[in-house]
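Here's the letter readout for the chains.
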Amino acid sequence: MTRLPIPALTAAIAAAALLCAGDAFAQAAAPAGCVDDVPQRATRGNTEFVSNSETVRGLIYKPTGPANGAAVVLLHSSEGLTVDAHAFDPHAIQLAARGYHVLVPNYFEARARKVPWNGRDIRLWEEAGHAAVAYMGTLEGVDPTRVGIWGFSLGGFIATDGSAHPDSTARVAIGVGTGEDIFEPSRTRRELPMMLIEGYSTFPIISSATMRDLAADLRRRGATVEVQMLEAPERTMTGPVWCEVFQHTRRFLDANLLPAAAEAPAG
């Protein structure tokens, strides 16, 4: 796998003490973070794809054991990939160790983040999500009809609202800690399974009410939406909270992307 000079991503991974000498991930490099962790049979590397003539770089994780044919794109929050890479990395490894191909793109390279963002920003980020899903479908060992998209906070809105657009080929979409108040949803329509993950107090910036508003809007636009409330009482994204988030994530991905689910019509 070609290594690319990605200073921002390299800095994020170095800060998390996660740089490896080669592509293979050393099982002893990081302690088990969740009680249900499996042996870390995965590789981590750098990759890139193009969205609207812009090069978007990211981290890619591949199983070293049997691949299950499915893939998922993980979208960072408004804080950016350099902040979220540390939290995402062990869970991306765990997904890959279970057979998934995983992409964590720096989608702000498709459109630089600014505050406040507007409709054009959201559309370009959503198009980067579409391109990321399509790119994953080109990889060896990945069935292009079994690629999902997941996002945290702003990334969760981009994943869910964006996947409701007919241009998206995502099979499923998951939003974590996201709601309708991030931006007014588009009015496109597409039938597909989605899940919103929220906590009663974990995401104080995004209320449960605005998450329910987003769920209702997505349902009106044809999606089948599951709302999953976290049991964790923490008010911040601690390690145990991330473990619970990705337990629900894996359950939903397994149910909708693995072979038995893939045989059903996409809708």
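The text that follows walks through the structure, step by step, so that each part is easy to find. (Residues numbered from 1 in each chain as written. Predicted model: local features only at pLDDT ≥ 70, side-chain atom pairs only at ≥ 80, totals over all residues. Heavy atoms only, no water.)

## Comments concerning the overall build of the protein chain
Going by this rule: Elements are defined by DSSP. Helices are runs of H or I of four residues or more, strands are runs of E of two residues or more, and each kind is numbered from the N terminus. Per-residue accessibility, obtained with a 1.4 Å probe over protein chains only, is compared with the maximum for each type, and a residue is labelled buried under 20%, exposed over 50%, and partly exposed between these values. A contact between two residues is defined here by any heavy atoms of the two lying within 4.5 Å. Note that accessible areas follow from Shrake-Rupley with a 1.4 Å probe, and for residues the cover is restricted to the protein chains shown.
From N to C terminus, the protein chain includes 7 helices and 8 strands. A total of 267 residues make up the protein chain; the buried ones form 57% of that total. Here the analysis covers contacts within the protein chain between residues at least 6 apart in sequence; of these, 71% occur between residues at least 24 apart. Within the structure as shown, the protein chain displays about 11,200 Å² of accessible surface, and the carbon and sulfur contribution to it stands at 55%.

## Some points on the packing of aromatic side chains
This is how it is decided: Each Phe, Tyr or Trp ring, with Trp reduced to its six-membered ring, pairs with another whose centre is within 6.5 Å; inter-plane angles below 30 degrees give stacked pairs, above 60 give edge-to-face pairs, and intermediate values give tilted ones.
Counting across every chain of the model gives 11 aromatic pairs. Taken together, a centroid distance of 6.4 Å and an interplanar angle of 40 degrees make the contact between W150 and W242 tilted. Taken together, the residues span a long stretch of sequence, with W150 in strand β5 (residues 147–152) and W242 in helix α6 (residues 239–257) at a distance of 92 residues. Residue classification places W242 among the buried residues on the basis of a relative accessible area of 6%. With a centroid separation of 6.1 Å and an interplanar angle of 35 degrees, the aromatic rings of W242 and F246 are classed as tilted. Taken together, the residues span about one helical turn, with W242 and F246 both in helix α6 at a distance of 4 residues.

## Observations concerning the state of the cysteines
The cut-off we apply is this: Note on terminology: pairs of cysteine sulfur atoms within 2.5 Å are recorded as disulfides.
All chains considered together, the criterion is met by 1 disulfide. There is a disulfide in this structure between C34 and C243, and the S-S distance comes to 2.0 Å. Classification of the bridge connecting C34 and C243 rests on its S-S torsion, roughly -90 degrees, and on that basis the disulfide is left-handed. Taken together, the positions of C34 in the loop between α1 (7–15) and β1 (42–51) and C243 in helix α6 put the pair 209 residues apart, joining distant regions of the chain. In this structure C243 comes out as buried when scored by relative accessible area, which is 10%.

## Looking at the environment of A42
Its place among the elements puts A42 in strand β1. On the basis of relative accessible area, A42 is assigned to the buried category, the value being 3%. Counting along the chain gives 22 residues from A42 to T64, while the straight-line C-alpha distance between them is 5.0 Å.

What is shown is where atoms sit, not what they do.
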